[in-house]
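Chain by chain, the residues:
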Amino acid sequence: MTFGYSRDDIASFLPAYLEKKILKVDPFQVLDQNGVGQLIKMAVEKGRAVRPGLRTGICGEHGGEPSSVKFCARVGMNYASCSPFRVPIARLAAAQAAVEDEK
Amino acid sequence: MEKKKRVYTFGNGKAEGNAQMRELLGGKGANCAEMNLVGVPVPPGFTITTEVCNEYYQVGQEKIVAELTDEVNAAVTHVEGLMNCKFGDPKNPLLVSVRSGARASMPGMMDTILNLGLNDVVAEGMVAKTNNPHFVYDSYRRFVQMYGDVVLGMKPVNKTDIDPFEAIIDEVKEIRGVKLDKDLNVEELKLLVARFKTAIKERTGKDFPDDPMEQLWGAICAVFRSWMNERAILYRKMEGIPDEWGTAVSVMAMVFGNMGDTSATGVCFSRDAGNGENLFNGEYLVNAQGEDVVAGIRTPQQITKIGSQRWAERAGISEAERLAKYPSMEEAMPEMYAELNAIQQKLEDHYRDMQDMEFTVQEGKLWFLQTRNGKRTGTAMVKIAMDMVREGKISEKEAIMRCEPQKLDELLHPVFDKDALKKAKVITQGLPASPGAACGQIVFHADDAQEWHANGHKVVMVRIETSPEDLAGMSAAEGILTARGGMTSHAAVVARGMGKCCVSGAGAIQVDYKAKTVKIEGVTYKEGDYISLNGSTGQVYAGEIPTKAAELSGDFKALMDLCDKYTKLQVRTNADTPHDAAVARAFGAKGIGLTRTEHMFFDDQKIIAMREMILAKDSEGREKALAKLLPYQKADFKGILDAMDGLPVNIRLLDPPLHEFVPHDLKGQEQMAKEMGVSVEEIQARVASLAENNPMLGHRGCRLGITFPEITAMQTRAILGAACELKKEGKNPMPEIMVPLIGILYELKQQKEIIQTVAKEVFDRYGGSVLQLRYQRPHADDLRLQP
């Protein structure tokens with residue numbers, strides 16, 4: 001929605017966008033870290049500036065997509081929420097983000 | 001040009017490079033160097049760096065060849081010395097392979113040339129040496145063909161054009177009455193070589209180069225050129241590999257596994273790439289070239305005795321027959337096997353990962369041609385990582401980093417029995433919308449799916465496309481097949497949420513709802529016929545294929561426990577039913593991050609009350625309908641909170657546009673008119689008034705709760721009532737309420753007031769504040785950020 005795309009209507013032009021490399025990936029599958037991601041980061045930071053310890057989370061397809069989960073872990077979100085069968089995938093991605101950040 | 005080292009040699013236990021020099025030498029070059037350093041026998045050779053590839057594109061072929069000449073000549077002499085033979089020497093010729101090798105593996109994307117160094121004189125010398133003219137001339141014609149295609153640009157540009165060499169082969173086969181390439185005799189192979197060369201002369205105006213050094217330069221430059229071929233560029237874009245990495249060129253002395261019964265060639269893995277078992281395995285062939293193992297012309301034999309015995313059992317071959325006809329390398333070449341086994345263990349220990357290796361035995365001498373970290377299934381990935389932690393070979397953190405999250409998907413859905421799948425017939429192909437395996441009897445309508453399911457049948461629901469009304473049917477089905485819709489279509493999204501197998505957008509299927517038939521590639525399937533779907537590949541099969549269910553246990557569970565030890569971000573689940581909540585909890589979810597309340601309204605009884613609420617003229621009518629909905633909602637929430645007892649459950653107040661819930665067909669509208677005691681016209685007018693130009697941006701989210709505060713009140717009452725009842729039963733419910741799509745602070749303030757008022761009323765009724773109420777800021781992605 002931040003792109004001005006509707007999930008229900010994107011099918012008519014998404015394939016062309018992917019083919020022409022305007023979009024690298026389907027933004028409804030993989031979180032757009034440069035645009036939407038920055039808004040999330042801002043929301044988390046500004047929110048916590050006003051209320052420290054504010055709990056934040058993400059839900060939907062992105063909550064089970066590894067690169068999106070890692071992004072959410074890095075901006076300090078508390079949880080990601082995904083469909084039941086993606087829970088282990090998200091758990092592994094979240095643990096990887098933690099291990100990578102230690103280095 | 002800048003003075004620097006551009007060529008790195010390896011051979012005889014020495015190497016100028018090593019495994020850490022992947023960026024400069026490519027994966028293949030770095031590993032060949034490394035194998036030499038750890039004492040693995042590798043045919044000598046040399047690697048031209050990836051930097052030269054970039055220089056090639058900057059300064060052009062002529063300058064780069066001039067710059068490289070001294071170093072390449074010295075490297076060739078180095079190889080000749082170690083192999084004790086010479087480039088172009090008829091008595092003792094050196095042949096080489098020329099391969100590409102980038103930092104990251106790009107299988108099959110760039111060009112390779114084998115048997116380089118052959119010409120008419122050298123070929124005759126090879127015949128005298130090997131006593132195998134068929135092998136020599138087959139290698140020769142392959143070399144000329146490969147060289148013509150790759151180096152001299154004879155490969156057709158358009159897919160529809162015929163390769164000129166293939167055309168010649170077909171012609172010769174027809175004249176000689178030969179069916180298969182492998183049946184061509186020595187004379188015919190010689191004829192092919194001659195005609196290939198004539199074709200090259202005709203097409204390019206130049207003779208095929210007989211001078212091995214000229215051949216070598218042509219091949220090296222062709223490999224650099226292949227970095228910029230269309231398929232390599234496309235592959236790099238897909239995998240995110242930058243163009244400026246470049247490819248290295250590795251030139252290696254050819255060794256031959258087809259020089260008699262003391263020669264062999266094979267491919268092996270240090271562990272089982274399919275199930276991860278810590279068991280050395282692989283296939284080999286005596287007196288054969290690498291290609292023969294993979295091409296399936298001869299039946300490859302197993303390397304280990306245990307592998308061979310297992311193979312024979314599956315193939316129904318007796319032990320006596322196995323030993324006589326298909327002995328393992330362990331049995332047939334025990335000394336070679338012992339050396340091979342020791343080296344594979346050494347390489348695995350050295351790289352600390354499962355290795356995929358290629359080897360050749362030439363007249364009793366073992367050579368390793370390649371080693372790399374082996375590709376593996378999700379199951380093998382997890383087992384190998386956890387086994388290696390237990391063996392003390394890698395740390396826990398390394399195990400976590402080695403597993404690819406996306407590959408776990410393979411472990412989570414029911415899977416087809418692999419052997420059965422091989423025998424099954426693919427009838428059509430759609431999109432792999434939701435992974436997993438499903439088989440069952442075809443039904444076409446949601447109510448049929450429910451009815452058949454209730455009677456104990458396994459069904460696959462086949463639809464042109466699905467809509468929210470089909471939810472219960474989808475839930476009852478083993479899988480869903482649709483003719484229309486992409487990866488984000490309703491069927492796909494809902495199926496993934498349910499963990500239900502789904503193939504969408506199978507355009508070749510023709511569904512006839514009335515006749516209850518589906519026509520696929522000319523065959524008509526009726527309701528009740530068996531069909532199987534592979535949601536991971538999008539393939540559709542006729543008939544029934546047995547499946548196995550997924551569970552979190554053994555190594556998979558151990559890996560997940562490790563993840564919990566290191567993670568900072570908690571993982572919750574999206575769940576709208578107690579069943580989904582329980583499934584997710586078993587997979588380790590730490591609560592629910594989103595419970596959508598709208599899906600609960602699509603059941604028979606609930607949808608009528610819901611529609612009554614939406615179509616009501618005034619707040620009084622809405623209140624009446626909401627009172628009917630309250631017990632349903634409370635029961636739903638109670639089930640979910642109970643399934644997630646002790647863990648947070650975030651429930652989103654009603655979010656979607658109301659238009660989605662109302663009946664759009666006359667039958668439904670008549671039913672509602674009757675139910676509510678008003679005219680059909682009145683219902684139709686109300687339905688029409690709800691239509692929006694942009695429903696995604698319309699009357700939805702907290703806007704519903706603002707305009708119809710009684711909806712927020714009823715849902716709060718249901719959530720907190722359910723929680724209070726559970727608390728009284730000694731449970732520990734932890735509900736959270738999400739007010740969706742907040743854009744303005746006052747929206748939240750107004751909704752908060754309603755929630756607080758209702759909360760007080762509910763708590764008073766259940767005897768004091770048994771629950772602590774927390775006000776949750778909306779999810780970040782719901783704060784106008786819904787992507």
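Residues numbered from 1 in each chain as written. Chains lettered and ligands numbered in written order. Predicted model: local features only at pLDDT ≥ 70, side-chain atom pairs only at ≥ 80, totals over all residues. Heavy atoms only, no water.

A few points about the overall build of chain A
Note the following rule: The way it works is that DSSP assigns letters per residue, a run of H or I at least four long becomes a helix, a run of E at least two long becomes a strand, and they are numbered from the N terminus. Burial here depends on accessible area, computed with a 1.4 Å probe over protein chains only, as a share of the maximum for the residue type. Under 20% is buried, over 50% is exposed, and the range in between is partly exposed. For this analysis, residues touch if any pair of their heavy atoms sits within 4.5 Å. The Shrake-Rupley method, run with a 1.4 Å probe, gives the accessible areas here. Residue values count only the displayed protein chains as cover. Just so you know, the count uses Lys and Arg for positive and Asp and Glu for negative, and it drops His and the chain ends. Charge positions come from single atoms, namely NZ of Lys, CZ of Arg, CG of Asp or CD of Glu.
Each helix and strand in chain A was counted, giving four helices and two strands. Ordered by position in the sequence, the α and β elements of chain A form the string α-α-β-α-β-α. Viewed in the frame of its principal axes, chain A has a C-alpha envelope of about 40 × 30 × 30 Å. Looking at the 103 residues of chain A, the share that counts as buried comes to 54%. Of the contacts formed within chain A by residues at least 6 apart in sequence, a portion of 46% connects residues at least 24 apart. For chain A, the exposed area adds up to about 4700 Å²; of that, 54% sits on carbon and sulfur atoms. Where the 14 positive side-chain charges of chain A centre and where its 11 negative ones centre are 6 Å apart.

A look at the interface of chain B and chain A
The condition is simple: Each of two parts loses accessible area, computed with a 1.4 Å probe, when they are put together; buried area is these two losses added. The rule for a salt bridge is simple: a side-chain nitrogen of Lys or Arg has to be within 4 Å of a carboxyl oxygen of Asp or Glu.
Chain B puts 59 residues into the contact, and the matching count from chain A is 53 residues. For the chain B and chain A pair, buried surface summed over both sides reaches about 5000 Å², with 63% attributable to carbon and sulfur atoms. There are three salt bridges connecting chain B and chain A. Residues Glu 102 of chain A and Lys 397 of chain B are paired through a salt bridge, measuring 2.3 Å at the closest nitrogen-oxygen approach. Elements represented by at least two residues in the side of chain B that touches chain A include exactly helix H16 (396-402), helix H17 (409-412), helix H21 (490-498), helix H22 (554-566), strand S27 (570-574), helix H23 (578-586) and strand S28 (592-596) of chain B.

Notes on helix H25 (residues 619-643) of chain B
All names here are of chain B. Note the cut-off: Helix span, as expected, comes to 1.5 Å for every residue beyond the first. The angle between axes fitted to the seven residues ending at a residue and the seven residues starting there is what we call the bend at that residue.
The end-to-end C-alpha distance of H25, which contains 25 residues, comes to 34 Å, matching closely the 36 Å that a straight helix rising 1.5 Å per residue would cover. The sharpest bend along H25 measures roughly 35° and falls at Leu 629, with the proline Pro 631 sitting one to four residues further on. In the core, the buried residues of H25 are packed alongside H23, S28, helix H24 (604-615), strand S29 (648-652), helix H29 (709-728) and strand S30 (734-738).

Overview of a positive patch on the surface
The line we're drawing: Only residues above 30% relative accessible area that lack a salt bridge enter a patch, with like-charged residues linked at up to 9 Å and the nonpolar side chains Val, Leu, Ile, Met, Phe, Trp and Tyr linked at up to 5 Å.
A surface patch of positive charge is lined by Arg 314, Lys 418, Lys 422 and Lys 548 of chain B. Structurally, Arg 314 of chain B is set in helix H11 (residues 305-315).

A short note on the environment of Leu 562 of chain B
For Leu 562 of chain B, the position within the fold is in helix H22. Ignoring anything within four residues of it in the chain, the contact list for Leu 562 of chain B reads Met 386, Glu 396, Ala 399 and Ile 400 of chain B.

Overview of the sheet that holds strand S7 (residues 113-116) of chain B
Residues and elements named next belong to chain B. Note the threshold: Between any two strands, at least two bridges found by DSSP are needed for them to pair. To define axes, lines are fitted to C-alpha atoms, for helices over the stretch in contact only, and angles between the resulting N-to-C directions are given on a 0 to 180 degree scale.
Ordered in space as S2-S1-S3-S8-S6-S7, the six strands form an open sheet in which the pairing is antiparallel. The open sheet is flanked by strand S2 (14-15) and S7, the only strands paired with a single partner. In the sheet, strand S6 (residues 96-101) pairs with S7 via two bridges, with the strands oriented antiparallel. Looking across to S7, one finds that Val 96 is bridged to Leu 116. Contacts between helix H1 (residues 22-37) and the sheet are confined to strand S1 (7-11), S2, strand S3 (45-48), S6 and strand S8 (248-253), with S1 contributing the most and set at about 35° to the helix.

So, the sheet that holds S29 of chain B
The strand order across the open sheet formed by six strands is S1(A)-S2(A)-S27(B)-S28(B)-S29(B)-S30(B), and the pairing between neighbours is parallel. Of all strands in the sheet, those bounded by a partner on one side alone are strand S1 (57-59) of chain A together with S30 of chain B. Averaged over all pairs of adjacent strands, the angle between strand axes in this sheet comes to 25°, irrespective of strand direction. Relative to S28 of chain B, S27 of chain B is paired through two bridges, and the arrangement is parallel. Among the inter-strand pairings, Asn 574 of chain B is bridged to a residue of S28 of chain B, identified as Leu 594 of chain B.

Re the pairing of S3 of chain B
Remark: a regular strand shows side chains that alternate across the two faces of the sheet. Residues and elements named next belong to chain B. Alternating positions in S3 separate into two faces, Gly 45 and Thr 47 on one and Phe 46 and Ile 48 on the other, with burial throughout. Sheet topology note: the S1/S3 ladder contains four bridges and is antiparallel. Across the sheet, Phe 10 pairs through a bridge with Gly 45, a residue of S3. Bridging between S3 and S8 involves four bridges; their strand directions are antiparallel.

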